[in-house]
Amino acid sequence: LASRLAIRADRVLLGDGRVLAPGVILTEEGRITAVGADLSIPEDAIVVVHKGTASAGLIALHSHSGSPGEMRDTTRTVLPEARIASAFDPAHEDFESAMEAGITSLVLAPLPFSLCGGTSTLVKTSGGIVLEREAQLSLGFSAQSLRNDRAPTSFGGALAELDRRLVQPEGAFALAAKKKLPILFEVTTREDVLRAVEFASRHELAGSIHGAAWAGELADPIKSAGLSVICGPFQVGEARRDLLA
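From a predicted model like this one, the values you see are computed outputs, not experimental measurements.

A. Inspection of the overall build of the protein chain at higher detail. Broken down by element type, the protein chain carries six helices and 14 strands. Here the C-alpha coordinates of the protein chain stretch approximately 65 × 35 × 35 Å along the principal axes. Taken over 245 residues, the protein chain has a buried fraction of 39%. Sequence separation of 24 or more characterises 58% of the internal contacts of the protein chain that already satisfy a separation of 6 or more. For the protein chain, the accessible area works out to roughly 13600 Å², and carbon and sulfur atoms hold 53% of it. Each charge class in the protein chain can be summarised by its mean position, and for the 24 positive and 30 negative side chains these summaries are 5 Å apart.

What follows is the structure, encoded as structure tokens:
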């Protein structure tokens, strides 16, 4: 195969929001070297005409792909030292499926069943290459993170434990306190979101909220806390309220 490839597409979506119609994408040795509306195509390049839209690869901001069974520890409820980067299988078929769907990068997160499940990691779907070993510190703010046979067993106890961890923070909690490591707040209900917002504001933490379908209805307090929201994925036939929020 030739090392150079030129793709002529009816539309090319750029990362900054611009749209080229038509557009040309030039690659060499599998890497994009230029994108433009009117590029000079090398004579030795293979030209592919795409009657459609071409865009950059998608990034899935929350996933349990690549051996999800390894992404949970039931022995302790707070494991800030646990790293998904050391737990996933880079050869797992999930990554090939994601790449075929146009997803080029994934954020792999701990399962949301612990008060602190460890740190997420950013990987490329091509080969499962780790791009960022510690991307976020995962904290559970929903009922999923509580169990009757393991402390803490209540939301009050959970908040008290997390507050204690941030009084004289160590390890990942110290990085989070300095805003060097974002927090992934795992939530489910409206009340979960409000607890996460209050906690983030009180400790001046940075991060994102994931799991609440109607988080948009609390956009103002979430924005005031400086947090972002991870949405979706959405299914065909999704409730209108879920989509609007």
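B. Molecular detail of the environment of L13. With respect to the helices and strands, the residue L13 is situated in strand 1 (residues 4-13). With relative accessibility at 33%, the residue L13 sits in the partly exposed group. Along the chain, L13 and A215 lie 202 residues apart, while their C-alpha atoms are 28 Å from each other. If we ignore the near neighbours within four places in the chain, the residues touching L13 are R18, V19, T53, A54, S55 and A56.

C. Seen up close, the layout of surface pockets. The computed volume of the largest pocket comes to approximately 370 Å³. Lining the largest pocket, in full, are G30, R31, I32, A56, G57, M99, G102, T104, K124, T125 and S126. Residues that form the lining of the largest pocket fall into these classes: three nonpolar, six polar and two charged.

D. Summary view of the pattern of salt bridges. Going through the model one piece at a time under the given rule, you end up with twelve salt bridges. Put simply, E134 and R83 hold a salt bridge, and the shortest N to O gap is 2.5 Å. With a gap of 51 residues between them, E134 in the loop between strand 10 (130-132) and strand 11 (137-140) and R83 in the loop between strand 6 (58-63) and helix 1 (93-100) connect regions that are remote in the sequence. Close ionic contact of R165 with E161 constitutes a salt bridge, the shortest N to O distance being 2.9 Å.

Cut-offs and rules
- Residues numbered from 1 in each chain as written.
- Predicted model: local features only at pLDDT ≥ 70, side-chain atom pairs only at ≥ 80, totals over all residues.
- Heavy atoms only, no water.
- Helix = DSSP H or I, 4+ residues; strand = E, 2+ residues; numbered from the N terminus.
- Buried < 20%, exposed > 50% of the residue type's maximum accessible area, 1.4 Å probe, protein only.
- Contact = heavy atoms within 4.5 Å.
- Areas by Shrake-Rupley, 256 points an atom, 1.4 Å probe, with all protein chains shown as cover.
- Lys, Arg positive; Asp, Glu negative; His and termini not counted.
- Charge placed at Lys NZ, Arg CZ, Asp CG, Glu CD.
- 1 Å grid on protein atoms, 1.4 Å probe; cavity = no way out; pocket = protein on both sides within 12 Å on 5 of 7 lines; lining within 4 Å.
- Points joined across faces, edges and corners; volume = space filled by probe spheres on them.
- Nonpolar A, V, L, I, M, F, W, Y, C, P; charged D, E, K, R; others polar.
- Salt bridge = Lys/Arg side-chain N within 4 Å of Asp/Glu carboxyl O.

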